[in-house]
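One letter stands for each residue in the lines below.
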Amino acid sequence: MSKAVVGGVMETGLNDGLCFDQLEVGSSMSIVVMVCRSWDSDNVHGRYISTDYIFSDRNGDSIHATARSNVAHYFVDKLKEGCLYLLKNFTVVKNRPAYRILKDSQYMIELQGSTVFKKVSVDHGGFERYPFQIVQFEDLEVTNNKYFVDVIGYVTTADNVSTTSTGKRTLEFNLRNERGGHVAVTLWGKLGESFIAQKAKKAGVYTVILSSMSVKQYLGSLVLSSSSSTLIIDSNNIPLLESFNASLRGVDLRAETQPARDGPHAVTTIAELLQSARQDKKKAVVFRNSVQITGIRTKNSWFNFTCTGGRCRKGVTRKDGSFWCEACDNAVYFPRARYRLMVDVKDMTGNVVVVLFDEAGEQLVKKSAKSLLDEQEQSTNSDDMVLPEALRCLIGGTYMFELRSHTYYQYGEYESFNCAQVLLPGSANYASPSSVDDILDPAAVPALSSPVKKAPQFGVVTPDKRAEKRSSNLDCTGTDSEGVPGKAQHGLSMDVKSGSDVGSEVNVVPGKRLKKVTGGEAHDPVEGTSQLIMDPLSEQEDDVDDKDSGGDSVAGTVGKKRRAYIVDSEDEE
């Protein structure tokens, strides 16, 4: 075997080295490869973990190669796409059992710190410059994170990047083919913004190849979801795109196409949504309608402190005296407050708990969780220590929510859905909200095809009217410590165990000291918590309506009315 170096480039024959079909685990001979494409891969928290490549050999076969982050600097910007290299001292390993870039490839290559590569000059014949594993829409099936697929199509509309309830940015659009089919696509993070920017540079119909996509089932339909290995490929020099553009000639690109699967079924009542979710949580059902907020639960507070590292938004805990993110396995020095509102809502067919995370919470309140915490720290009103006024004012109001059946959760008699979004005037799918009378009018509700189990009541009293004057006392009238009802929107009720001198734990702003109020004696205060101390109400206090309100919202007659005081427990030294 003869070799010569000409101008820093090694000349070699095509017979040098191995081909991919000759590779075995542990192979260490030389091989000539063409670099077809490359990308950087991140983990789920956005942390860079490797630089990856697709190589092809002289037989036109392709293989996935990876260089971990600790050695990637040896290869980044040195292995150029479209060029040929002689590789030595690499490691051949079995292909991954999950997240395979190439589904049918038996092996993959790991580039090491000892790997040697040299650019070579040979005939490019036989090397595949643009290898893809294109899957037609009709052949798509759920990949279950075992492998990725490449797809090709054209896009007519993709203009708006949105933010999910967990804070992740997404771009959603339909990818269409020449046969009149389409499939929904979700691009995550910066990839969506890159897609919009690249599409804006192309005049006319935008044709594109999306590599390394996951196929998932969402609300009864197949959808494509991007990964950290996804590339947006739209070069006019790629033969596959050229042939696809030619196939679009004579196709009415404005014509409506049918989805690969039926979209979600729409329902208009809580009872219908509950009925569908109880029978089959995976069935695609969406609820978009007006509901009335009857209470806000505070047992688990109305916000969470979350991680701020990278794209992580997990809740934090405490470890070694600091906030700690278990997902990132790191200390969090500046945690962020995000909404986790649990509201009781109803229409005339039933009631349910709706959970609003940060994005939906801001849509509803029109303020960030941090701004409410700042207001709470400055307030001298004892009611604000449990629930800020901006949240109490929501009770009794009518709002339009979008709820989806796959978020259904049940524990005992507790049933809830996550709020996908709060529909505001001017937004898509918004309709004029129904009045409270319409929500409670049986004639406005369509009959169900089969009886629906009565939705459980959750011990939250609907406020009848706005109080003229807010009381600083907390009337203990119910039995559910999660509810924040009250006879008026500005009133506040909490529940305590009958016959106990110490009330249930109250969530307060961390570090906020509450002024001690004269009341009963605290029993064994818990470090870092506040307690409710009960005193009997005087006979001159206003009576509390203990009557059954028509459901189970008030659990019987309260035998002994008491006044609750919030007191502070000093930290033990």
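Everything discussed here concerns the structure shown above.
Read on for a plain summary of the structure. (Residues numbered from 1 in each chain as written. Predicted model: local features only at pLDDT ≥ 70, side-chain atom pairs only at ≥ 80, totals over all residues. Heavy atoms only, no water.)

Some thoughts on the overall build of the protein chain
Across its full length, the protein chain holds eight helices and 31 strands. Taken over 573 residues, the protein chain has a buried fraction of 45%. The long-range fraction of contacts in the protein chain, counting pairs at least 24 apart against all pairs at least 6 apart in sequence, stands at 67%. On the protein chain, roughly 29400 Å² of surface is accessible, and the fraction owed to carbon and sulfur atoms is 46%. (Helix = DSSP H or I, 4+ residues; strand = E, 2+ residues; numbered from the N terminus. Buried < 20%, exposed > 50% of the residue type's maximum accessible area, 1.4 Å probe, protein only. Contact = heavy atoms within 4.5 Å. Areas by Shrake-Rupley, 256 points an atom, 1.4 Å probe, with all protein chains shown as cover.)

Some remarks on the packing of aromatic side chains
In the structure shown here, the tally under the stated rule is 13 aromatic pairs. When the ring of F75 is compared with that of F117, the centres are 5.7 Å apart and the planes differ by 40°; the resulting orientation is tilted. Of the two residues, F75 sits in the loop between β5 (62-68) and β6 (84-88) while F117 sits in strand β9 (residues 116-121), which places them 42 residues apart along the sequence. Judged by relative accessible area, which is 0%, F75 ranks as buried. (Phe/Tyr/Trp six-rings, centres within 6.5 Å; stacked < 30°, edge-to-face > 60°.)

So, the nonpolar core
In this structure, W302, L356 and F401 are the most contacted members of the largest nonpolar core, which totals 36 residues. If you list the elements that add at least two residues to this core, you get α3 (270-279), β19 (285-297), β24 (336-347), β25 (350-357), α4 (358-365), α5 (369-378), β26 (398-404) and β28 (414-422). (Core = buried A, V, L, I, M, F, W, Y, C linked by side-chain atoms within 4.5 Å.)

Brief notes about the environment of D123
Note that D123 resides in the loop between β9 and β10 (149-155). When the C-alpha atoms of D123 and R58 are compared, they prove to be 9.4 Å apart, with 65 residues separating the residues in sequence.

Thoughts on unusual backbone geometry
In this structure, D77 is a non-glycine residue whose phi angle is positive, near 65°. With respect to the helices and strands, D77 occurs in the loop between β5 and β6. Positive phi values are uncommon outside glycine, yet D329 reaches one of about 55°. Checked against the element boundaries, D329 lands in the loop between β22 (322-325) and β23 (330-331).

Points about the sheet that holds β22
Judged by pairing direction, the sheet is antiparallel, and its three strands sit side by side in the order β21-β22-β23 without closing on themselves. Looking at strand neighbours, the two that pair on one side only are β21 (317-319) and β23, the edges of this open sheet. In terms of strand pairing, β21 meets β22 through three bridges, oriented antiparallel. Paired with K319 across the bridge in β22 is S322. (Pairing = 2+ DSSP bridges.)

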